[in-house]
Amino acid sequence: MNDHQPPEQRAFPAALLRQQKEYLMSEIARDGRTRSRRSRALVLRIGTVGALAVIVLAALSLSGAFGGDSSPGPLTIDKALAAVTVAQGEIVHIRITGVDSDKSTFVQENWSCSDEPWRYRGMTETSGGGRQEVAIAGSGLHQVYDARTDSILEMQDETIAALAEPKVPGESYEKMIRELLTSGLAQGDGREQVDGRDAVRIVEKRPVEDGEGSENVYLVDADTGRPLEWRIMNEGENRILRFDIYEKLPGTPENLSLLDLKAAYPGATVYTDPAAFEQAVAKAPAE
Amino acid sequence: MNGHYLYMSTYSDRRLWERALEGEAAAFGELFERHATSVYNYLFRRCGNWATAQDLTSIVFLELWRKRADISLERDSALPLLLGVATNVLRNRRRAERRYRAALERIPAPSESWSPHEDVVEKLAEEERMKELLGILHRLPKREQDLIVLCVWMELTYEEAADALCLPVGTVASRLSRAKRRLRGLLDPSGQPAPGVLEP
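Residues numbered from 1 in each chain as written. Chains lettered and ligands numbered in written order. Predicted model: local features only at pLDDT ≥ 70, side-chain atom pairs only at ≥ 80, totals over all residues.

J.: How should the overall build of chain A be read in this particular structure?
T.: Helix and strand counts for chain A stand at eight helices and twelve strands. Considering chain A as a whole, with its 287 residues, one finds that 33% of them fall into the buried category. Long-range pairs, those at least 24 residues apart, make up 52% of the contacts in chain A between residues at least 6 apart in sequence. (Helix = DSSP H or I, 4+ residues; strand = E, 2+ residues; numbered from the N terminus. Buried ≥ 20, exposed ≤ 12 C-beta atoms within 10 Å, placed from the backbone. Contact = placed C-beta atoms within 7 Å.)

J.: Teacher, can you tell me more about the overall build of chain B here?
T.: A count of helical and extended segments in chain B gives ten helices and zero strands. Counting from the amino terminus, helix and strand elements in chain B follow one another as α-α-α-α-α-α-α-α-α-α. Classification of the 200 residues of chain B by burial places 43% in the buried group. Put simply, 59% of the contacts in chain B that link residues at least 6 apart link residues at least 24 apart.

J.: Mind showing me how you'd approach the pairing of strand β7 (residues 186-194) of chain A here?
T.: Regular strands have side chains that alternate between both faces of the sheet. Inspection of the sheet shows β7(A) paired to strand β8 (residues 197-205) of chain A by seven bridges, in the antiparallel sense. Looking at the pairing, R191(A) lines up with V200(A) of β8(A). (Pairing = 2+ DSSP bridges.)

J.: Looking at this structure, how should I read the packing of helix α8 (residues 142-153) of chain B against helix α10 (residues 169-187) of chain B?
T.: Each pair of packed helices gets described by two things: the angle between the helix axes and the distance between those axes. Residues and elements named next belong to chain B. Remark: α8 packs on α10, axes separated minimally by 9 Å, with the N-to-C direction vectors making an angle of 95°. Classified by the angle between their axes, α8 and α10 sit roughly perpendicular to one another. For the pair α8 and α10, contact is made by R143, E144, L147, I148 and C151 and by V172, R175, L176, R178, A179, R182 and L183, respectively. Counted by class, the contact of α8 with α10 contains seven nonpolar, no polar and five charged residues. (Axes fitted to C-alpha atoms, helices over the stretch in contact; angles between N-to-C directions. Parallel < 35°, antiparallel > 145°, perpendicular 65-115°, else oblique. Nonpolar A, V, L, I, M, F, W, Y, C, P; charged D, E, K, R; others polar.)

J.: What should I look at first to understand the packing of helix α3 (residues 25-47) of chain B against helix α5 (residues 79-91) of chain B in this one?
T.: Residue and element names in this part refer to chain B. In the contact formed by α3 and α5, the axes pass within 10 Å of each other and the chain directions differ by 35°. The handedness of the crossing between α3 and α5 is right-handed. For the pair formed by α3 and α5, the contact residues are H35, S38, V39, Y42, L43, R46 and C47 on the first element and L79, L82, L83, A86 and L90 on the second. Residues that form the contact of α3 with α5 fall into these classes: nine nonpolar, two polar and one charged. (Left-handed = near helix turned anticlockwise from the far one by under 90°.)

J.: Quick question: what am I supposed to make of helix α4 (residues 50-66) of chain B here?
T.: Each turn of an α-helix holds 3.6 residues, which means side chains three or four residues apart point in the same direction. All names here are of chain B. A rise of 1.5 Å per residue sets the reference length of α4, with its 17 residues, at 24 Å; its end C-alpha atoms lie 24 Å apart and thus fit the reference within 8%. Within α4, the axis deviates most sharply at L56, by approximately 25°. Along α4, the residues classified as buried are W50, A53, L56, T57, S58, I59, V60, F61, L62, E63 and L64. (Expected span 1.5 Å × (residues − 1). Bend = angle between axes of the 7 residues up to and from the residue.)

J.: Please explain the confidence of the model for chain B as it appears in this structure.
T.: Detailed reading of the predicted model is not advised wherever pLDDT is low. Residue and element names in this part refer to chain B. Confidence in the prediction of chain B, expressed as mean pLDDT, is 82, and 84% of residues score 70 or more. Note that pLDDT drops below 50 for residues 1-7; the model gives that stretch ten contacts with residues more than four away or on any other chain. Across the interface, the model reports ipTM at 0.81; the global pTM reads 0.54. (pLDDT = per-residue confidence, 0-100.)

J.: For this particular structure, what's the right way to read the nonpolar core?
T.: Soluble globular proteins tend to bury their nonpolar side chains together. All names here are of chain B. In terms of nonpolar packing, the biggest core is built from 78 residues, with V60, L82, A86, I148, L150, C151 and A161 touching the most fellow members. Here the element with the most residues in this core is α3; it accounts for eleven residues. Aside from chain neighbours lying at most four places away, what touches A86 is V39, Y42, L43 and V60. (Core = buried A, V, L, I, M, F, W, Y, C linked by C-beta atoms within 7 Å.)

J.: Would you mind going over the pairing of strand β3 (residues 119-126) of chain A with me for this structure?
T.: Residues and elements named next belong to chain A. Across the eight residues that make up β3, a large majority, six, are buried. As paired strands, strand β2 (residues 105-113) and β3 are joined by eight bridges and run antiparallel to one another. Residue pairing for β3: W111 is matched across the bridge by R121. Counted along the chain from β2 to the antiparallel partner β3, the turn is five residues long.

This is the structure in structure tokens:
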């Protein structure tokens, strides 16, 4: 056998995709009809209140209540987009605090550099006590940090080396911001204060159907266009993301060391044997 | 409805899953559309038959729905979870096929012209090749096979594979490293890494 690779992936047949999707949807709809009816009534109520709020805000905006830049238009979008566009050699450092409508919170912090070979280090901590920290690189370097035992597993991983860009654990908000700003649906919508800073509101309204809809309010620093806050609101549920840090750092050796877990935790025990790491983690007393 | 789907397409999987749990069928439909191809290919890479993979794809989603009360989607991507469900469906294939036979019979025929015999020659060649590869893979213990397919052929990260199989990340790393070592020996007793199997 000369070729040990599995055949290339095939797309799921398009005609079957549509028909099976509809079938699955009908099964789910049948199953959840009662609950759906209840939540729909709630959604309609929220939708009505939301629509009234939008009308009031629009009226205030037109009357100049926000002052100054009430329709920042394409220039604002361009500025916001430029603020999240990264030049060659730069490292992006982001720290986000997120709050969901159920009051659960999470903190996501990451450093990334897209120069070849790309490098990424990311940490996610949830209010439930979960914590995950990894560093990966296009060179195939894969590090996992265990905070309980202050230990690092370091491996060469050909699966990671084969990726064209980092596969980020969790959501890539940077990517989502760029999608929002280039969707053609985002537009400037006045100003407000965020933590004492003058912020420009960029609003993306998604198509509305039967009173349902969503609104993304992305707030950027009025001077620099850098992200400050993102309110993702969907039919009564929401997620608020606060950009505690959004900075671009020059790719100096010192800054590049931020992408390495061994440099971040110099006192940590480093394992190269996954089995030994596994054993050490398993032995650690539960918190 | 198109506007609604466009709007759904901006949701993360986790949010779609939450919406589906509240009975919003379109959210589940979006999850299916998003991941059907990956699930289909994963199934093919495990069973070596495109037609079986196609039938089992819907079963994986139906099984995901059936087990919804026990499932909590911690990640923003549902793919590791779906591939975990697919692994179990394959393991208990007969039972799953029996359970969903009636449900699958209710699926209407495709509305537009579509032939199951499309690309039949290429598919047969691919099945032949896959059968050969699986012949080697099946010489590994089952739990190591899972990791080779998930991490090497489907390119899941260790963390995602750990989620899919409900294992600690360290276990995934050590088990995979053992599996790769064993597989190298099977492919080339001289110890030279054979190209392909161990690279995505």
